[in-house]
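Commentary on secondary and tertiary structure
One-letter residues, chain by chain:
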Amino acid sequence: QVQLVESGGGSVQAGGSLNLSCAVSGYTSSPACMGWFRQVPGNEREEVARIRSDAATRYADSVRGRFTISRDKAKNTLYLQMNSLKPEDTAMYYCTSGSYWWCRWDYWGQGTQVTVSS
């Protein structure tokens, strides 16, 4: 049974940094894709960043240059380093894992809250 468990969320002032982690278990081999999404109540869940098994990454325009996604396959852990945080980054952040080169998202974590105050 695949499980994704996020950690590292919290409250920070604008301009600050947070590093989210996602511990992955239950896979017999590393998933093809992993990613981070975020959601604000009343809005759709939006993709923040993704990373494929070949290390290719993609970022939302709103976070490019400020956030960095990475994965440690040996530790089965996904990370999201968030710098220069803005109040509009406030959301619940979800870790996800998926299949295929185009990333079909299969599993989701429970989320970790990030709150950025001005």
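Quick summary incoming for the structure in this document. Residue indices follow the written sequence of each chain, beginning from 1 at its first position. Per-residue local features of the predicted model are confined to residues with pLDDT of at least 70, and side-chain atom pairs are confined, for both listing and counting, to 80 or more; whole-chain, interface and lining totals are unaffected and use all residues. Hydrogens are left out, water is left out, and the side-chain values use all remaining heavy atoms of the structure.

Some details on the overall build of the chain
- Each helix and strand counted, the chain has 0 helices and 11 strands in total.
- Note on conventions: DSSP H or I runs of at least 4 residues are helices, E runs of at least 2 residues are strands, and numbering of each starts at the N terminus. Scanning the chain from its N terminus toward the C terminus, one meets helices and strands in the order β-β-β-β-β-β-β-β-β-β-β.
- The quantity called the radius of gyration is restricted to C-alpha atoms. Its globule counterpart is 2.2 Å times the number of residues to the power 0.38. The C-alpha radius of gyration of the chain comes to 13 Å, within 12% of the 13 Å expected for a compact globule of 118 residues.
- In terms of its C-alpha atoms, the chain occupies a principal-axis envelope of roughly 45 × 30 × 25 Å.
- Each residue's exposure class comes from its accessible area (1.4 Å probe, protein chains only) as a fraction of the maximum for that residue type: buried when under 20%, exposed when over 50%, partly exposed otherwise. Looking at the chain residue by residue over its 118 residues, the buried ones come to 40%.
- For the chain, the proportion of contacts with a sequence separation of at least 24, taken over those separated by at least 6, is 55%.
- Residues scored as positive are Lys and Arg, those scored as negative are Asp and Glu, and His as well as the terminal groups of each chain are ignored. For charged residues, the charge sits on one atom: NZ in Lys, CZ in Arg, CG in Asp, CD in Glu. Positive and negative side-chain charges of the chain, numbering 12 and 10 respectively, have mean locations separated by a distance of 4 Å. Residue contacts are counted whenever heavy atoms from the two residues lie within 4.5 Å of one another.

Structural notes on a nonpolar patch on the surface
- Residues form patches when they are more than 30% accessible in relative terms and have no salt bridge. Like charges link within 9 Å. Nonpolar side chains (Val, Leu, Ile, Met, Phe, Trp, Tyr) link within 5 Å. Note on areas: these come from Shrake-Rupley sampling with a 1.4 Å probe, and a residue is covered only by the protein chains present in the view. Salt bridge, as applied in this entry: a Lys or Arg side-chain nitrogen positioned within 4 Å of an Asp or Glu carboxyl oxygen. On the surface, Tyr100, Trp101 and Trp102 cluster together into a nonpolar patch covering about 430 Å² of accessible area.
- Here Trp102 is to be found in the loop between β9 (91-99) and β10 (104-108).
- Trp102 gets classed as partly exposed once you look at its relative accessible area, which sits at 44%.

With respect to the environment of Cys33
- In this fold, Cys33 is placed in strand β4 (residues 33-39).
- Under the relative-accessibility criterion, Cys33 is labelled buried at 0%.

Quick notes on the nonpolar core
- Nonpolar cores were defined as sets of buried Ala, Val, Leu, Ile, Met, Phe, Trp, Tyr and Cys residues, with membership established by side-chain atoms within 4.5 Å. Ranked by size, the top nonpolar core spans 26 residues in total, and within it Trp36, Leu80, Met82 and Tyr93 carry the most contacts.
- At 4 residues, the largest contribution of residues to this core is made by strand β3 (residues 18-25).
- Setting aside residues no more than four positions away along its own chain, Met82 makes contact with Gly16, Ser17, Leu18, Leu20, Arg66, Phe67, Tyr93 and Val114.

Here's the deal with the state of the cysteines
- Counting rule for disulfides: a pair of cysteine sulfur atoms within 2.5 Å. Within this structure, the stated rule accounts for 2 disulfides.
- Two residues, Cys22 and Cys95, share a disulfide whose sulfurs are 2.1 Å apart. Taking the sign of the torsion about the S-S bond as the criterion, the disulfide between Cys22 and Cys95, at about -80°, is left-handed. Here the residue Cys22 occupies a position in strand β3, and Cys95 occupies one in strand β9, the gap between them amounting to 73 residues.
- Residue Cys95 is classed as buried on the basis of its relative accessible area, which comes to 0%.
- One disulfide in the model links Cys33 with Cys103; its S-S distance is 2.1 Å. Torsion about the S-S bond of the Cys33 and Cys103 cystine: about -85°, corresponding to left-handed handedness. Of this pair, Cys33 sits in strand β4 while Cys103 is found in the loop between β9 and β10, placing the two residues 70 residues apart along the sequence. No difference in accessibility class separates Cys33 from Cys103, as the two residues are buried.
- Looking at the chain, its bonded cysteines, counted consecutively from the start of the sequence, adopt the pairing 1-3, 2-4.

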